[in-house]
Amino acid sequence: MTWDLIKLNDGTSIPSIAFGTWTLGGGAQATDYVDQAISVGFSHIDTAQSYRNEEEAGKAIHDSGLAREDIYITTKFSARDGLDIETSIQNSLKFLGVDYVDLYLIHHPSLAKPDIPTAWAKMEKLKKDGLVKSIGVSNFGVTELQTLLASANIKPAANQILLHPYVHARQLPIIEFGKAHGIVSEAYSVLIPITHQPGGPVDKPVNAIADRLKAKPEQVLLAWAKSKGVVVVTSSTKKERLEGYLAAGNLELTAADVAAIDAAGAMGARRQAVRTFVNRVAVATLAAGVVFGMCGYMGIDLI
């Protein structure tokens with residue numbers, strides 16, 4: 001099992017793992033990190049207008065010496081500086097130093113102005129004009145996708161969403177809706193349980209699987225995401241980690257492994273929901289106490 005190409009609904013294919021530039025910042029270091037990712041074997045670079053490092057990514061791509069058809073480029077319309085879709089794609093092409101991008105996404109439904117159908121029609125024209133090979137969206141829920149499909153002449157090829165075990169149950173309807181309509185889901189922040197939420201229920205099954213397979217926990221999480229049929233967008237500034245991410249495509253998780261991670265993720269989500277509820281009750285109770293106290297001080301009877 002490797003990081004194979006995934007066929008999109010428009011007949012093109014997308015590498016199933018991407019190096020994301022979201023957290024890289026700008027400047028020479030961003031170029032160096034993209035260059036490093038390409039050098040270890042990443043053939044899909046995922047950037048965005050709002051990341052403010054398209055130019056740095058473009059320089060690394062150019063300096064790699066790879067033929068244009070050998071590197072897959074995703075970027076996103078983020079309405080940076082209030083620019084419209086038509087102007088934004090021209091700027092992105094200039095920054096990236098290419099004649100077309102492989103996949104162009106609307107970064108968030110709130111950016112689809114004045115409304116989703118109108119914005120999507122503009123995206124369809126970019127594809128017809130040859131400025132982009134494929135068009136898609138990011139952070140769209142089922143309702144937004146339904147609105148888009150109701151007027152679309154061209155279906156979105158992909159929908160890039162937050163996905164890790166602790167949000168899997170919440171995001172599953174989006175993934176399933178996408179599958180039903182031929183829309184490939186892309187997953188960002190897959191490693192959140194390790195990088196930002198360590199010590200949760202997911203740690204136990206992930207660590208056990210990692211020990212059995214002689215792999216690293218982050219590789220297990222990436223293999224888990226791959227088992228869901230999504231494109232994985234990940235990142236690191238460490239060469240050895242990037243090499244490990246690519247190697248994760250060869251991990252063979254069993255159905256039981258995937259189910260154990262799913263169950264642990266659902267447990268963590270329930271715990272978080274309880275904590276959130278308790279915190280909100282505590283805040284409301286405190287606020288009520290303050291109100292009653294002030295009213296008592298002012299001689300106002302609320303009973």
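Reading guide: rules and limits
- Think of each chain on its own: its residues are numbered from 1, step by step along the sequence as written.
- Only residues with pLDDT of at least 70 get local features here, since the model is predicted, and only at 80 or more are side-chain atom pairs given and counted; chain-wide, interface and lining totals rely on the full set of residues.
- Only hydrogens and water are set aside when side-chain values are computed; all heavy atoms of the structure are taken into account.
- For two strands to count as paired, DSSP must find a minimum of two bridges between them.
- In this description a helix means any DSSP run of H or I spanning at least four residues, a strand means any run of E spanning at least two, and both kinds are numbered starting from the N terminus.
- Only the contacting stretch of a helix is used when fitting its axis, a line to C-alpha atoms as for every element, and angles between N-to-C directions run 0 to 180 degrees.
- The contact definition used throughout considers only heavy atoms, calling two residues in contact when any of these lie within 4.5 Å.
- Here is the rule for angles: anything less than 35 degrees is roughly parallel, anything more than 145 is roughly antiparallel, 65 through 115 is roughly perpendicular, and the remaining ranges are oblique.
- It is the rotation of the near helix from the far one that decides the hand of a crossing: anticlockwise by less than a right angle makes it left-handed, clockwise makes it right-handed.
- Residue polarity follows a fixed list, in which Ala, Val, Leu, Ile, Met, Phe, Trp, Tyr, Cys and Pro are nonpolar, Asp, Glu, Lys and Arg are charged, and the others, Gly among them, are polar.
- Remark: exposure states derive from per-residue accessible area (1.4 Å probe, protein chains only) relative to the maximum for the residue type, with buried under 20%, exposed over 50%, and partly exposed in between.
- Here the aromatic set is Phe, Tyr and Trp, taking the six-membered ring for Trp, and pairing holds for ring centres within 6.5 Å; pairs whose planes are under 30 degrees apart are stacked, those over 60 apart are edge-to-face, and all others are tilted.
- Our definition puts a charge over a ring when NZ of Lys or CZ of Arg is within 6 Å of the ring centre and also within 35 degrees of the ring normal.

A. A look at the sheet that holds strand E7 (residues 132-138). Here we have 8 strands rolled up into a closed barrel, ordered E3-E4-E5-E6-E7-E8-E9-E10, and parallel in their pairing. On average, adjacent strands in this sheet sit at an angle of 30 degrees to one another, irrespective of strand direction. As defined by bridge partners, strand E4 (residues 44-46) adjoins strand E5 (residues 72-77) across 3 bridges and the pair is classed as parallel. Bridging across to E5, Asp-46 finds its partner in Thr-74. This element, helix H4 (residues 116-128), spans strand E6 (101-106) and E7 of the sheet and lies at about 155 degrees to E7.

B. Looking closely at the packing of helix H3 (residues 85-96) against H4. Following both chains from N to C, one finds H3 and H4 inclined at 40 degrees, their axes separated by 10 Å at the closest point. Between H3 and H4, the interaxial angle falls into the category oblique. For H3 against H4, the interelement crossing comes out right-handed. Contact residues: H3 offers Ile-85, Glu-86 and Ile-89, while H4 offers Ala-119, Lys-122, Met-123 and Leu-126. Grouping the constituent residues of the contact of H3 with H4 by class yields 5 nonpolar, no polar and 2 charged.

C. Highlighting the side chain of His-164. On the secondary structure map, His-164 appears in the loop between strand E8 (158-162) and helix H6 (168-180). Judged by its relative accessible area of 4%, His-164 is buried. Leave out the neighbours within four places in its chain, and His-164 touches Ser-189, Val-190, Ile-192, Pro-193 and Trp-224.

D. Examining the packing of aromatic side chains more closely. Evaluation of the coordinates by the stated rule reveals 2 aromatic pairs. Seen in terms of ring centroids, Trp-22 and Tyr-188 are 6.2 Å apart; in terms of plane orientation they differ by 85 degrees. Their pairing is edge-to-face. Note that Trp-22 is positioned in the loop between strand E3 (17-20) and helix H1 (28-40) and Tyr-188 in strand E9 (residues 184-188), a separation of 166 residues in sequence. Exposure remark for Tyr-188: the relative accessible area of 19% places this residue in the buried category. Its end group placed over the ring of Tyr-100, Arg-68 keeps NZ or CZ at 4.1 Å from the ring centre. Over the ring of Trp-3 we find Lys-226; its NZ or CZ atom is 5.9 Å from the centre of that ring.

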